[in-house]
Structures are given as structure tokens and as C-alpha cells.
Amino acid sequence: MPLRFTLLALLVPPLLVSTLLVLFGHPAGALAAGLVTLAGSALALGTSRVAMERQLRALTQKTQSLAEGMDVAPPAGLERTDDLAQLEDAIDTLDDKLSMRAAALNQEARILTAVLDGMAEGLWVTDAEGTVVRHNDALAEMLRPPNGAIVGQRPLALIRNEALNDAVARACHEGASTRLELTLEGLYSRTLAVRVTPVGRDLPGSAAVFHDVTELRRLEKVRKDFVANVSHELRTPITAIRGYAETLQGGALQDTQVAPKMVEIIHRQSERLSELVEDLLELSRLEAREMTFQRTEVPLALAVSRAAEGVRPKAEGKNQQIGLHVPPELVAMGDGRAIEQVLLNLLDNAVKYTSAGGRVDVDGAYEGGRCVVRVRDTGVGIEPKHLSRIFERFYRVDKGRSRDMGGTGLGLSIVKHLMGAMDGEVKVESQPNVGSTFVIFLPAAAGPTAATG
């Protein structure tokens with residue numbers, strides 16, 4: 001309490017008593033009464049001050065406890081003045097409102113964090129100087145920094161890309177937005193499309209959203225390669241057909257020696273064109289899963305025999321031997337037509353890439369609860385660097401030689417898709433100038449035959 005108010009509280013009562021005594025004709029006792037009144041005032045004021053201080057200390061302690069998140073009961077037996085009671089009620093009301101507001105803010109923060117961490121896109125937020133102050137889980141998965149820390153890092157420390165660093169600086173200092181695409185090198189390279197923008201609403205800093213477009217770019221490349229390959233494969237027979245047809249129209253049709261050869265070439269190229277179109281359509285149906293497969297018991301010895309009959313004329317023309325070693329009890333679960341097509345494609349490749357006088361053998365057995373068929377040849381073989389890609393569409397180990405032999409470049413890709421559709425698998429083993437072995441695995445038919453295998 002200020003000094004002037006304390007003096008007023010002490011002096012006014014004795015002065016008032018002394019004045020009243022003088023007015024009523026008792027001046028002799030005015031001084032004594034004033035001193036007594038002064039003493040009483042001092043005692044009362046001291047007692048009141050001590051009580052007030054106790055109440056204020058208790059209220060201060062309670063306020064501090066509320067600020068620290070603790071609820072402390074007031075000391076027992078402590079009386080409150082009306083003014084302090086009103087002040088305490090006001091503080092309690094304020095604490096209740098602040099607690100409700102804090103709970104609402106905490107809930108909003110949890111929702112925001114859950115939304116950010118649930119995003120497939122990576123996100124970071126920087127301060128006005130470009131230092132990352134917040135990020136989501138997707139960004140940590142994309143960047144995988146060596147020390148695991150992203151908050152507190154600058155863009156260049158996380159991604160060595162000057163364009164991204166400049167974009168963050170422009171967003172922070174100029175309020176400019178930027179779109180860019182960058183590649184993260186490493187064990188698994190990734191392509192990221194990034195949009196950097198200022199935070200906005202008069203807030204300092206920037207935000208960057210990272211979209212992983214690796215698969216999209218890969219599919220775009222596959223599409224472009226596919227279109228280029230199809231165009232190239234179609235161009236060869238179409239050019240031949242058109243060229244020889246124009247030659248015949250120009251007068252060669254009357255030449256009895258040249259005309260039949262040209263017609264034969266036109267016929268052969270048209271067949272090649274037809275095979276290519278059929279393979280493309282079948283591959284498209286397989287990839288779109290539009291083909292229906294019937295799962296039945298398929299005797300593999302019969303399927304191998306039928307496929308071998310389809311390539312035997314070509315093998316005999318090259319003086320090749322085809323050996324079939326598939327036991328009759330080897331029965332697989334799958335689509336009979338699809339299995340025959342797989343075997344026919346593999347046998348056709350084996351005969352095609354095996355020199356005259358070579359040999360092609362087909363072996364079958366039960367292994368590990370599955371039916372296994374191996375198609376082995378003594379052909380030119382495949383270099384190790386090509387083995388992981390030979391099942392891709394239009395991939396050729398020797399492009400010139402493959403086209404000369406009339407292949408479409410789609411046979412092995414069709415084999416892979418057919419096997420996958422039947423819950424099967426295809427693998428290859430090969431050595432250059434020794435030969436190749438293509439191995440197919442199919443589910444075995446349930447029954448005593450499979451059990452005893």
C-alpha cells in the first residue's frame with residue numbers, strides 16, 4: 001500500500017476523535033484519546049495488512065500453480081475479503097477459458113500433424129532465412145538424411161540442388177513461387193516434382209511440396225519406348241510390302257522369274273506383320289487382365305508333345321534333334337491353351353537360336369511341390385548383362401539377328417505374363433556359346449500323383 005494511504009489510514013481516526021472531544025468541551029483528554037485511537041488504528045491496520053498479505057501470497061501461489069498446469073487448493077482456514085474473492089473468481093474463470101482454448105489448439109495441432117503425416121507428398125516449412133522448421137513423415141522417407149535430422153537444416157544441406165535452394169530464397173525474400181523437377185541420386189534414385197511457395201498471410205518463410213514422380217516418369221519412358229519400338233517393328237514389313245508392291249506395279253509383275261519371288265516376300269512380310277499385331281493384342285489383353293483362364297489339370301507331357309510338333313518341321317529343316325523327357329504323371333494346375341503357348345514360344349526360340357545340327361531337350365519333374373519344366377538348347381547363349389531384361393517387350397539381345405529370324409520381340413514378354421496369370425514363374429540360365437535353359441514353374445495338381453513326386 002502506498003505511504004500516503006497508510007498515513008491517512010493511521011492519522012484520520014485520531015484527528016477526528018481529538019477534534020470531536022475539543023468541540024464537546026473536553027480538550028484535556030483530546031490528546032490521550034487521539035493517542036489511544038492512533039494506537040488502535042495502527043494495530044488494526046497491522047492486523048489487516050498481515051491478513052491481506054497472507055491472502056495475496058496464497059492467491060499468487062495459486063495463480064503461479066495454474067500457470068504451470070497444476071491445481072492447488074487454498075490453505076485451510078484462510079478467509080477471503082470480497083475484493084480478493086472476486087479477483088480469485090476472475091482468475092479461475094480466466095484459467096478455465098485458457099484451458100479450453102489450449103485444449104482446442106492442441107486438438108487442432110494434432111489434427112494438422114495427422115493430416116501432414118498422412119500425406120503421400122513430402123512437405124517442409126522454412127523460416128524467413130530458409131531454415132527448415134517443420135516437415136512431415138513422407139519427406140523424411142523421401143530424403144532419408146544421413147543423420148536423420150531435417151529440422152534446423154538448410155535446403156542445400158538436405159538436397160544438393162542449387163535450383164531448389166534459389167527457389168526457397170526467392171519464396172522467402174521475394175514472395176515468388178517456383179516449380180521444378182530434380183533427381184535424388186543414390187541406391188534407389190528418385191525423381192521429385194517440387195513446388196516452392198511463400199507461406200503467405202503475412203507470415204515469413206516458405207513451404208515446399210515434394211511429389212515422387214519416379215514411377216510416372218518410368219511409365220512415360222516405357223510408353224515412349226513402346227511407341228518407338230512398335231513403330232520401328234511395323235515400319236520394316238510395311239516398307240518391304242510397299243516397296244515390292246510398287247516394283248510389281250511398275251512392270252515387274254510381267255517378269256515370270258522375279259515376280260514370284262517378290263510375291264513370296266510380300267506374303268512373308270504380311271505374315272510377320274500379322275504375327276506382330278496378334279502378339280501386341282494378346283499382350284495388351286494380358287496386361288489389362290481381360291483374358292479368362294480356366295484352371296484345370298494339365299498333363300505336361302501331352303502339352304510338351306503338342307508344342308514340339310509345332311516346331312518340329314523347323315527343327316528338321318536345320319537338322320536339329322528335339323528330346324522330350326517329361327514323365328506322364330507330371331500334372332500341373334493351369335490353363336491348357338496358355339501352357340501350350342508358353343512351351344511353344346520357348347521351343348520356337350530354342351530352335352531359332354540353335355545352329356544347324358544342334359539339340360533341344362525338354363525335361364520335367366516335381367520339385368519343391370511344384371511342376372518344373374526345363375527347355376535346354378545348345379544355341380548361341382545369352383550374355384549375363386542381358387538376362388535381367390530379356391522378358392521386356394521388344395528387348396533383343398542381337399537386334400539385327402533377331403529381326404532376320406522373323407521374331408516380333410514379344411514372345412518372352414507374353415510368356416512372362418502368361419506364367420504370372422497362372423500363379424507360375426519363368427526363369428532363365430544361360431552361357432554364351434554354350435546354350436540357354438528356360439525354366440517354368442507351375443502349381444502341381446493335388447492328388448496322389450503329386451504327393452508321391
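Everything numeric in this text was worked out from a predicted model, so none of it was measured.

Structural notes on the overall build of the chain
Reasoning step 1: Helices and strands together make up the secondary structure of the chain, namely 14 helices and 12 strands.
Reasoning step 2: The buried share of the chain, taken over its 453 residues, is 34%.
Reasoning step 3: For the chain, the share of sequence-separated contacts (at least 6 apart) that also reach a separation of at least 24 residues comes to 59%.
Reasoning step 4: Accessible surface for the chain amounts to roughly 27,100 Å². Of this, 56% is attributable to carbon and sulfur atoms.

Some words on the confidence of the model for the chain
Reasoning step 1: Per-residue pLDDT for the chain has a mean of 80; in total, 77% of the residues score no lower than 70.
Reasoning step 2: Per-residue pLDDT stays below 50 along residues 448-453; that stretch engages in six contacts with residues further than four places along the chain or on separate chains.

Considering the sheet that holds strand S11 (residues 425-431)
Paired through backbone hydrogen bonds, the strands of a sheet run either parallel or antiparallel to each other.
Reasoning step 1: Strand order in the open sheet formed by five strands is S7-S9-S10-S12-S11, and the pairing between neighbours is mixed. Lying at the two open borders of the sheet, with one neighbouring strand each, are strand S7 (321-325) and S11. Direction aside, the axes of adjacent strands within the sheet are offset by 15 degrees on average.
Reasoning step 2: Where strand S10 (residues 370-377) lies against strand S12 (residues 435-443), seven bridges are found, and the strand directions are antiparallel. Within the sheet, the bridge partner assigned to Val-375 lies in S12 and is Phe-438.

What about the nonpolar core?
Reasoning step 1: In this structure, Leu-300, Ile-440 and Leu-442 are the most contacted members of the largest nonpolar core, which totals 52 residues.
Reasoning step 2: When residues of this core are assigned to their parent elements, the largest contribution, eight residues, is made by helix H10 (residues 336-352).
Reasoning step 3: Each of domain 3 (219-288) and domain 4 (296-443) contributes no fewer than three residues to this core.
Reasoning step 4: The residues contacting Ile-440, other than those within four sequence positions of it, are Val-342, Leu-343, Leu-346, Cys-371, Val-372, Val-373, Met-419, Glu-425 and Val-426.

So, the layout of surface pockets
Reasoning step 1: The volume enclosed by the second largest pocket comes to roughly 680 Å³.
Reasoning step 2: Lining the second largest pocket are 22 residues, and of these Val-222, Asp-225, Arg-389, Glu-392 and Arg-393 sit closest to its centre.
Reasoning step 3: Only helix H7 (214-249), helix H12 (399-404) and helix H13 (411-421) provide two or more residues apiece to the lining of the second largest pocket.
Reasoning step 4: The biggest single contributor to the lining of the second largest pocket is H7, with eight residues.
Reasoning step 5: Here the lining of the second largest pocket is composed, by residue class, of six nonpolar, four polar and 12 charged.
Reasoning step 6: The residues that make up the lining of the second largest pocket include at least three from each of domain 3 (219-288) and domain 4 (296-443).

Overview of the packing of aromatic side chains
Reasoning step 1: Going through the model one piece at a time under the given rule, you end up with two aromatic pairs.
Reasoning step 2: The interplanar angle of 65 degrees and the centroid separation of 5.0 Å between the aromatic rings of Trp-124 and Phe-210 together place this pair among those described as edge-to-face. Separated by 86 residues along the polypeptide, Trp-124 in strand S1 (residues 122-126) and Phe-210 in strand S5 (residues 203-212) bring together distant segments of the chain.
Reasoning step 3: On the basis of relative accessibility, which here comes to 0%, the residue Trp-124 falls in the buried class.
Reasoning step 4: Residues Phe-391 and Phe-438 carry aromatic rings whose centres are separated by 6.3 Å and whose planes lie at 85 degrees to one another, so their mutual orientation is edge-to-face. Highlighted residues: Phe-391 in the loop between helix H11 (384-387) and H12 and Phe-438 in strand S12, separated in sequence by 47 residues. The pair Phe-391 / Phe-438 is uniform in exposure class, with both members buried.

Criteria and cut-off values
Residues numbered from 1 in each chain as written. Predicted model: local features only at pLDDT ≥ 70, side-chain atom pairs only at ≥ 80, totals over all residues. Heavy atoms only, no water. Helix = DSSP H or I, 4+ residues; strand = E, 2+ residues; numbered from the N terminus. Buried < 20%, exposed > 50% of the residue type's maximum accessible area, 1.4 Å probe, protein only. Contact = heavy atoms within 4.5 Å. Areas by Shrake-Rupley, 256 points an atom, 1.4 Å probe, with all protein chains shown as cover. pLDDT = per-residue confidence, 0-100. Pairing = 2+ DSSP bridges. Axes fitted to C-alpha atoms, helices over the stretch in contact; angles between N-to-C directions. Core = buried A, V, L, I, M, F, W, Y, C linked by side-chain atoms within 4.5 Å. Domains from an automatic or database assignment. 1 Å grid on protein atoms, 1.4 Å probe; cavity = no way out; pocket = protein on both sides within 12 Å on 5 of 7 lines; lining within 4 Å. Points joined across faces, edges and corners; volume = space filled by probe spheres on them. Nonpolar A, V, L, I, M, F, W, Y, C, P; charged D, E, K, R; others polar. Phe/Tyr/Trp six-rings, centres within 6.5 Å; stacked < 30°, edge-to-face > 60°.

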